Amino acid sequence: YVMRTSNYAKILAKNQDNNLMSVVGTTIRLAAENGIEMNNVSVDDTGVGAGVGDRLAEQKFYVNQVKLGGKAEDEKFANKRAENHWRMKEWMNKGGKLHSLNDWSDLKNLKFKANSRGALQMMPKDEMRRHGIESPDVSDALMLTFDRPAFKKNDIINIDEANALFNRYDLI
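Rules used in this analysis
Residues numbered from 1 in each chain as written. Predicted model: local features only at pLDDT ≥ 70, side-chain atom pairs only at ≥ 80, totals over all residues. Heavy atoms only, no water. 1 Å grid on protein atoms, 1.4 Å probe; cavity = no way out; pocket = protein on both sides within 12 Å on 5 of 7 lines; lining within 4 Å. Points joined across faces, edges and corners; volume = space filled by probe spheres on them. Helix = DSSP H or I, 4+ residues; strand = E, 2+ residues; numbered from the N terminus. Core = buried A, V, L, I, M, F, W, Y, C linked by side-chain atoms within 4.5 Å. Buried < 20%, exposed > 50% of the residue type's maximum accessible area, 1.4 Å probe, protein only. Contact = heavy atoms within 4.5 Å. Pairing = 2+ DSSP bridges. Axes fitted to C-alpha atoms, helices over the stretch in contact; angles between N-to-C directions. Arc of directions from axis to C-beta.

**A few points about the layout of surface pockets**
Reasoning step 1: The space that makes up the largest pocket amounts to roughly 1200 Å³.
Reasoning step 2: As for the largest pocket, its lining consists of 39 residues, and the residues nearest its centre are Asn15, Asp44, Asp137, Asp140 and Ala141.
Reasoning step 3: Those elements giving two or more residues to the lining of the largest pocket turn out to be helix H1 (20–33), strand S3 (42–44) and helix H5 (137–144).
Reasoning step 4: Top element by residues in the lining of the largest pocket is H5. It accounts for five residues.

**Observations regarding the nonpolar core**
Reasoning step 1: Counting residues in each nonpolar core, the largest one holds 21 residues, and the members touching the most others are Val2, Ala9, Met88, Trp104 and Leu142.
Reasoning step 2: A total of five residues in this core trace back to one element, the largest contributor, which is H5.
Reasoning step 3: Residues in contact with Met88, not counting those within four places in the same chain, are Leu107, Leu110, Ser139, Leu142, Met143 and Phe146.
Reasoning step 4: Listed in part, the 14 residues of the second largest apolar core include Tyr1, Val24, Leu30 and Ala31.

**Quick word on the sheet that holds strand S1 (residues 2–4)**
Reasoning step 1: In spatial order, the strands read S1-S2-S5; together these three strands make up an open sheet with mixed pairing. The two strands at the open ends of the sheet, each matched to only one other strand, are S1 and strand S5 (97–98).
Reasoning step 2: Here three bridges tie S1 to strand S2 (residues 8–11), and the two strands are oriented antiparallel to one another. Across the sheet, the residue bridging to Arg4 is Ala9, located in S2.
Reasoning step 3: Each of S1, S2 and S5 is contacted by H5, which is oriented at about 40 degrees to S1, the strand it contacts most.

**As for the pairing of S2**
Reasoning step 1: Counted between consecutive antiparallel strands, the loop separating S1 from S2 contains three residues.
Reasoning step 2: Across two bridges, the pairing between S2 and S5 is parallel. Each bridged residue has a counterpart across the sheet, and for Ala9 the counterpart in S5 is Leu98.

**Notes on helix H2 (residues 50–58)**
Reasoning step 1: Inspection of H2 places Val52, Gly53 and Leu56 among the buried residues, and these make up the whole buried set. For H2, the angular spread of buried residues about the axis comes to 95 degrees, placing them on one side.
Reasoning step 2: Elements in contact with the buried residues of H2: H1, S3 and strand S4 (64–66).

See below:
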């Protein structure tokens, strides 16, 4: 679970729980504790994760369900996963800061490559496993926050004060 403003990101929690109902409960709880509107929550709607978005909707907690293998808005990307990772890369290059006490180490394993039609894609997770690289859960959580703009824009964080204060209009 990652929360991001226009200039700062922080890991709220990590979860290895395969129980989707627990993931749903944690998502709702973290959003409430951090004052995050449900419209600003994005979840992976791929594979097993699809059940999380469906159950959140049953709870009347309507989130942005992202199909990472779905069509990118920009044709230079093979899918939403690559496009959102590129947006994340650009955000960092423009000064986006990561909470210094968090473990962002899986970001260093992200690799772009061109597919057969020349579109940029991310290294597939099965290829990552073959190379002994663990699933990039933290970077994927951050990447999901780039699927669409936040609904509120008043979210500039003074990095010096960020450990004591975090904006309430952010994304998970």
